[in-house]
Amino acid sequence: MATWDDVRRIALALPETTERGSHDDLPAWRVRDKMFVWDRPLRTSDLAALGDAGPDGPVLGARVPDLGAREALLADDPEVYFTTPHFDGYPAVLVRLDRIGVEELTELITEAWYARAPKRLAKQFRTTMG
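So, how was this worked out
- Residues numbered from 1 in each chain as written.
- Predicted model: local features only at pLDDT ≥ 70, side-chain atom pairs only at ≥ 80, totals over all residues.
- Heavy atoms only, no water.
- Salt bridge = Lys/Arg side-chain N within 4 Å of Asp/Glu carboxyl O.
- Pairing = 2+ DSSP bridges.
- Helix = DSSP H or I, 4+ residues; strand = E, 2+ residues; numbered from the N terminus.
- Core = buried A, V, L, I, M, F, W, Y, C linked by side-chain atoms within 4.5 Å.
- Buried < 20%, exposed > 50% of the residue type's maximum accessible area, 1.4 Å probe, protein only.
- Phe/Tyr/Trp six-rings, centres within 6.5 Å; stacked < 30°, edge-to-face > 60°.

Peer 1: Run through the pattern of salt bridges, naming residues and quoting values.
Peer 2: Under the criterion given, the structure shown has nine salt bridges. Residue R40 is joined to D46 by a salt bridge in which the shortest nitrogen-to-oxygen separation is 2.6 Å. By sharing partners, the salt bridges in this structure join D5, R8 and E19 into a single network.

Peer 1: Any chance you could break down the sheet that holds strand β5 (residues 81–82) for me, citing the residues and the numbers?
Peer 2: Read across the sheet, six strands follow the order β1-β2-β3-β4-β6-β5 without closing on themselves; strand pairing throughout is antiparallel. Taken across any chain shown, the strands that pair with only one partner, and hence form the sheet edges, are β1 (17–19) and β5. When strand β3 (residues 34–39) meets strand β4 (residues 59–63), the two strands line up antiparallel, connected through three bridges. Bridged to D39 within β4 is L60.

Peer 1: An account of the nonpolar core is requested, with residue identities and associated values reported.
Peer 2: In this structure, F36, V37, I100, L105, I109 and W113 are the most contacted members of the largest nonpolar core, which totals 29 residues. Elements with a contribution of two residues or more to this core: α1 (4–12), β2 (28–31), β3, β4, β6 (92–96), α4 (102–116) and α5 (119–129). With six residues, α4 is the single largest residue contributor to this core. If you look at the next biggest cluster of nonpolar residues, it comprises 10 residues, including W38, L42, A92 and L94.

Peer 1: Which residues make up the packing of aromatic side chains, and what values go with them?
Peer 2: With the rule as written, the count across this model stands at five aromatic pairs. Pairing W113 with Y114 gives two aromatic rings, centres 5.2 Å apart and planes at 75 degrees, and the pair type is edge-to-face. Exposure remark for W113: the relative accessible area of 0% places this residue in the buried category. Pairing Y114 with F125 gives two aromatic rings, centres 5.9 Å apart and planes at 40 degrees, and the pair type is tilted.

Peer 1: Can you tell me about the environment of D88, naming the residues and giving the values?
Peer 2: On the secondary structure map, D88 appears in the loop between β5 and β6. Overall, the relative accessible area of 55% leaves D88 in the exposed class. Sequence separation between D88 and L105 is 17 residues, and the spatial gap between their C-alpha atoms is 22 Å.

The structure is reproduced here in C-alpha cells:
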C-alpha cells in the first residue's frame with residue numbers, strides 16, 4: 001500500500017508544487033501556496049468522534065473539488081476514506097494511507113491538485129497530459 005514517500009513523489013511531480021509544513025509543521029504539499037494534500041494525524045476530538053472506527057495508521061488529508069465528490073468517495077470506499085466532524089462542510093477527505101493503492105493515490109492527489117491549482121495552470125497541465 002501507499003507510503004509518505006509515494007505521496008511526496010506524486011505531489012512533487014505536479015506543476016508548481018512545493019512541500020512546506022502545515023500549521024502543525026507536518027508535511028503538506030501546495031500549489032501556488034494553496035494546500036492540497038497534507039499529513040493529518042487524528043486529534044483527541046477526532047478519536048473521540050470516531051471511537052473504535054478511528055484508524056491507528058498514517059492519515060492523509062486531501063482536498064476534493066466539492067462536497068459531492070467528498071460524499072462519493074466516502075460512500076465508495078469507507079475502508080479507505082473517512083472524515084471527522086472537524087471537516088463538516090469542508091471539501092476534503094481523510095485517507096487511511098496504509099489502505100490505498102498507489103494508482104488510486106495518484107488519482108486522488110492529482111484531483112486534489114486540480115481542485116486548488118489556478119485555472120490557467122490546470123488547463124495548461126491538462127493539455128500537456130493529453
